[in-house]
Amino acid sequence: MKRKKRRPNSADIQVGESIRAHRLIAGMSQKDLADRLGVSFQQVQKYEKGTNRVGAGRLPQIAGIFNIPISALFDANADTSPSKSTASTAPVRLISDKSALKLLTSFSDIAHPRLRRCLVNLVDAITEITPKKEKGRP
């Protein structure tokens, strides 16, 4: 009897996105995280994509590596500030790669509201004239 292939559910995807976001915030590669967990980097990729579920025993291990509470792995927002004195959060799904994280972090450091508004307008204008990225493609 063949078993159906399991698809990731929303919790698997949320935890995976959160692991990826926290790994990028920590400046850690998939291999670095894999080594600390004692798994292959491919396993970390599967966790981040939600393909493989993260076991109950692995959750506290991952949270400990990032020095966050386990509940943060289920949160839709991640603290992007390197120091806890200046708290700044961003939706986990926006922290898809190092460039996006750098952009979010740098933008949050700009104090001048008019300059921030100009940057948002610039990015909006760029996105209006460029082709949209296809889902699942870089």
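Everything quoted here is computed from the prediction, not taken from an experiment.

A closer look at the packing of helix α1 (residues 10-25) against helix α3 (residues 41-49)
Then step 1. α3 packs onto α1 with a crossing angle of 120° between their chain directions and a minimal axis gap of 6 Å. Classed by the angle they form, the pair α1 and α3 counts as oblique. Across the interface between the two elements, Asp 12, Ile 13, Gly 16, Glu 17, Ile 19, Arg 20 and Arg 23 of α1 pack against Tyr 47, Glu 48 and Lys 49 of α3.
Then step 2. The residue inventory of the contact of α1 with α3, partitioned by class, reads three nonpolar, one polar and six charged.

Points about the side chain of Glu 48
Then step 1. Structurally, Glu 48 can be placed in helix α3.
Then step 2. A distance of 3.4 Å separates the side chain of Glu 48 from the side chain of Arg 20, its partner in a polar contact.
Then step 3. Glu 48 has contacts with Gly 16, Glu 17, Ile 19, Arg 20, Arg 23 and Gln 30, leaving out every residue within four places of it along the chain.

Let's talk about the environment of Gln 45
Then step 1. Tracing the chain through its elements places Gln 45 in helix α3.
Then step 2. Separated by 14 residues in the primary sequence, Gln 45 and Lys 31 have C-alpha atoms spaced 9.6 Å apart.

Some remarks on α3
Then step 1. When we look at burial in α3, the residues that qualify are Gln 43, Val 44, Tyr 47 and Glu 48. For α3, the angular spread of buried residues about the axis comes to 140°, placing them on one side.
Then step 2. Check the buried side of α3 and you find it contacts α1, α2 (30-37) and α4 (58-66).
Then step 3. Just beyond α3, the residue with positive phi is Gly 50, at close to 85°.

Thoughts on the confidence of the model for the chain
Then step 1. In this model, the chain carries a mean pLDDT of 84, and residues with pLDDT of at least 70 account for 84%.
Then step 2. Of all helices and strands in the chain, the one with the weakest mean pLDDT is strand β2 (residues 89-91) (68), whereas α2 scores best (97).

Examining the pattern of salt bridges
Then step 1. A complete count under the given rule lists four salt bridges for this structure.
Then step 2. Residue Glu 48 pairs with Arg 20 through a salt bridge whose shortest N-O separation is 3.4 Å. Highlighted residues: Glu 48 in helix α3 and Arg 20 in helix α1, separated in sequence by 28 residues.
Then step 3. According to the relative accessible area criterion, Glu 48 is buried, its value standing at 8%.
Then step 4. Judged by its relative accessible area of 25%, Arg 20 falls in the partly exposed class.
Then step 5. Arg 23 is the salt-bridge partner of Glu 48, the closest N and O atoms lying 2.6 Å from each other. Residue Glu 48 is found in helix α3, and its partner Arg 23 is found in helix α1; the two are separated by 25 residues along the sequence. Both residues of the pair, Glu 48 and Arg 23, belong to the buried class.
Then step 6. Bridged by salt links that share partners, the residues Arg 20, Arg 23 and Glu 48 form one connected network.

Rules used in this analysis
Residues numbered from 1 in each chain as written. Predicted model: local features only at pLDDT ≥ 70, side-chain atom pairs only at ≥ 80, totals over all residues. Heavy atoms only, no water. Axes fitted to C-alpha atoms, helices over the stretch in contact; angles between N-to-C directions. Helix = DSSP H or I, 4+ residues; strand = E, 2+ residues; numbered from the N terminus. Parallel < 35°, antiparallel > 145°, perpendicular 65-115°, else oblique. Contact = heavy atoms within 4.5 Å. Nonpolar A, V, L, I, M, F, W, Y, C, P; charged D, E, K, R; others polar. Polar contact = N/O pair within 3.5 Å; in protein donor to acceptor, adjacent residues only side chain to side chain. Buried < 20%, exposed > 50% of the residue type's maximum accessible area, 1.4 Å probe, protein only. Arc of directions from axis to C-beta. pLDDT = per-residue confidence, 0-100. Salt bridge = Lys/Arg side-chain N within 4 Å of Asp/Glu carboxyl O.

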